[in-house]
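Read off the chains here:
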Amino acid sequence: MPEIEVAENLKLQRKHWRIERIGWCAILLIVLAEVLGAFGGGPFSTAMAVSPNGSLSAEYARLSRMTHPSLLQVRIDESAVRGGEVRLWLSRDYVDDMQVQQVTPQPKSIEIGTGRLTYMFDAAPTSGPLRITFALQAQRMGKIRGAAGLDSGRAGGTVIRFSQFIFP
Amino acid sequence: MDIFLRALCIYVFLLVILRISGKRTLSETTAFDFVLLLIIAETTQQALLGQDYSITNALLLIATLVGFDILLSIVKQRWKTVEEILDGVPLVIVEKGRPLMERMNKARVDVDDVLSAAREKQGLKRMEQIEYAVLERNGTISILPKEQP
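A brief look at the structure comes next. (Residues numbered from 1 in each chain as written. Chains lettered and ligands numbered in written order. Predicted model: local features only at pLDDT ≥ 70, side-chain atom pairs only at ≥ 80, totals over all residues. Heavy atoms only, no water.)

### Thoughts on the interface of chain B and chain A
And step 1. Taken residue by residue, the interface counts 19 residues in chain B and 18 residues in chain A.
And step 2. When chain B packs against chain A, the two sides together hide about 1,500 Å² of surface, and 66% of this comes from carbon and sulfur.
And step 3. Counting the surface chain B buries against chain A, the share from its top three residues, Met1, Thr56 and Leu60 of chain B, is 34%.
And step 4. Arg65 of chain A is the salt-bridge partner of Asp52 of chain B, the closest N and O atoms lying 2.8 Å from each other.
And step 5. Counting across the chain B and chain A interface gives nine residue pairs in polar contact (both at pLDDT 80 or more).
And step 6. Those elements that place two or more of their residues in the side of chain B that touches chain A are α1 (2–20) and α4 (55–78) of chain B.
And step 7. The residue makeup of the side of chain B that touches chain A, split by class, is 10 nonpolar, six polar and three charged. (Contact = heavy atoms within 4.5 Å. Buried area = accessible area lost by both parts, 1.4 Å probe. Salt bridge = Lys/Arg side-chain N within 4 Å of Asp/Glu carboxyl O. Polar contact = N/O pair within 3.5 Å; in protein donor to acceptor, adjacent residues only side chain to side chain. Helix = DSSP H or I, 4+ residues; strand = E, 2+ residues; numbered from the N terminus. Nonpolar A, V, L, I, M, F, W, Y, C, P; charged D, E, K, R; others polar.)

Below you can see the structure in the form of structure tokens.
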């Protein structure tokens, strides 16, 4: 029995210390997960979607966060250029969910279609792949599915699908 | 990865810069120091959040910074030299009633600060009543009065 008047509770104190140590491990795991890109924004959280015929590919952030700027880098084979222009469509739902902040380069025009938006770009004759960058910002959290493709007038044109997960 | 790097950068930088600014900076609560800390806090927030206002970003930043703090406290406990470097060492500034002026000048503490601490902590009236005064690691001055005969 201690001789001073102190409201000590050693059993509870030891429990506190145990919980503290467990909490520390939890923090360590969370930080480790973040370093490995589990919450988006790291070097391991981007992925590539490639169309079956290889003429269209896109690099996107598999994991991202709300209000965090996200990039969709689309690469188009020069064979997709028809009559000096490129027509790239994005699914409407995707554009609604991932608000497009900026398109580099600026599209010549945008056409509304059923369930998709088609961006038209002027293209100079080149001998290499063309790149279009969409700067996006997630508008809701959770799983967001998107699709993009080339409007080359051929039936069953090139289509790619991707899905991203957005943290709150 | 980016959250970890940002948090690490800011944490280390603030640690170093506040450490080299001298002991008194953190313990005083004059209006000047208070304003300085406020401005530092605002600037830090901007740098840490950037354009990312998600809850995930905030929670991860907080967890990472707290993690650094816990890690540092464990390291300091294990290795005393690290503790001395990071936290500083206590310094005797008044010995047997005589202020050690060279030390006080270097530490940017003057006699008035010592007397003020003596009044606050021990209710002492004059320098002769102070046996020892120590500038502690956290910047406060602790007073050991002369024993009453």
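Okay, back to it.
### A closer look at a nonpolar patch on the surface
All names here are of chain B.
And step 1. Nonpolar side chains collect at one region of the surface, where Leu5, Leu8, Val12, Phe13, Leu15, Val16, Ile17 and Ile20 lie side by side and expose about 690 Å² of accessible area between them.
And step 2. Checked against the element boundaries, Val12 lands in helix α1.
And step 3. Its relative accessible area of 41% is what places Val12 among the partly exposed residues. (Patch = residues over 30% accessible without salt bridge, like charges linked within 9 Å, V, L, I, M, F, W, Y side chains within 5 Å. Areas by Shrake-Rupley, 256 points an atom, 1.4 Å probe, with all protein chains shown as cover. Buried < 20%, exposed > 50% of the residue type's maximum accessible area, 1.4 Å probe, protein only.)

### Quick notes on the pattern of salt bridges
Residue and element names in this part refer to chain A.
And step 1. All chains considered together, the criterion is met by 14 salt bridges over all chains.
And step 2. The closest approach of N and O atoms between Arg87 and Glu85, which form a salt bridge, is 3.8 Å.
And step 3. On the basis of relative accessibility, which here comes to 23%, the residue Arg87 falls in the partly exposed class.
And step 4. Salt bridges here are not isolated pairs; linked through shared partners, they connect Glu85, Arg87, Lys108, Glu111 and Asp122.

### Points about the nonpolar core
And step 1. Counting residues in hydrophobic clusters, the biggest one holds 31 residues, and the most contacted among them are Leu72, Val74, Ile76 and Phe134 of chain A.
And step 2. Ranked by residue count, the leading element in this core is strand β9 (residues 130–138) of chain A, at five residues.
And step 3. One finds Val109, Ala117, Met127 and Ala133 of chain B within the second-largest nonpolar core, a separate group that totals 15 residues. (Core = buried A, V, L, I, M, F, W, Y, C linked by side-chain atoms within 4.5 Å.)

### Here's the deal with the sheet that holds strand β1 (residues 46–50) of chain A
Residues and elements named next belong to chain A.
And step 1. Spatially, five strands are ordered β1-β2-β4-β9-β6 in an open sheet, and the strand pairing comes out antiparallel. Looking along the sheet, the strands with just one partner apiece sit at the ends: β1 and β6 (98–104). For this sheet, the mean angle separating the axes of adjacent strands, direction not counted, is 20°.
And step 2. One ladder, built from four bridges, connects strand β2 (residues 56–61) with strand β4 (residues 69–76); its direction is antiparallel. Following the sheet pairing, Leu56 is matched in β4 by Ile76. (Pairing = 2+ DSSP bridges. Axes fitted to C-alpha atoms, helices over the stretch in contact; angles between N-to-C directions.)

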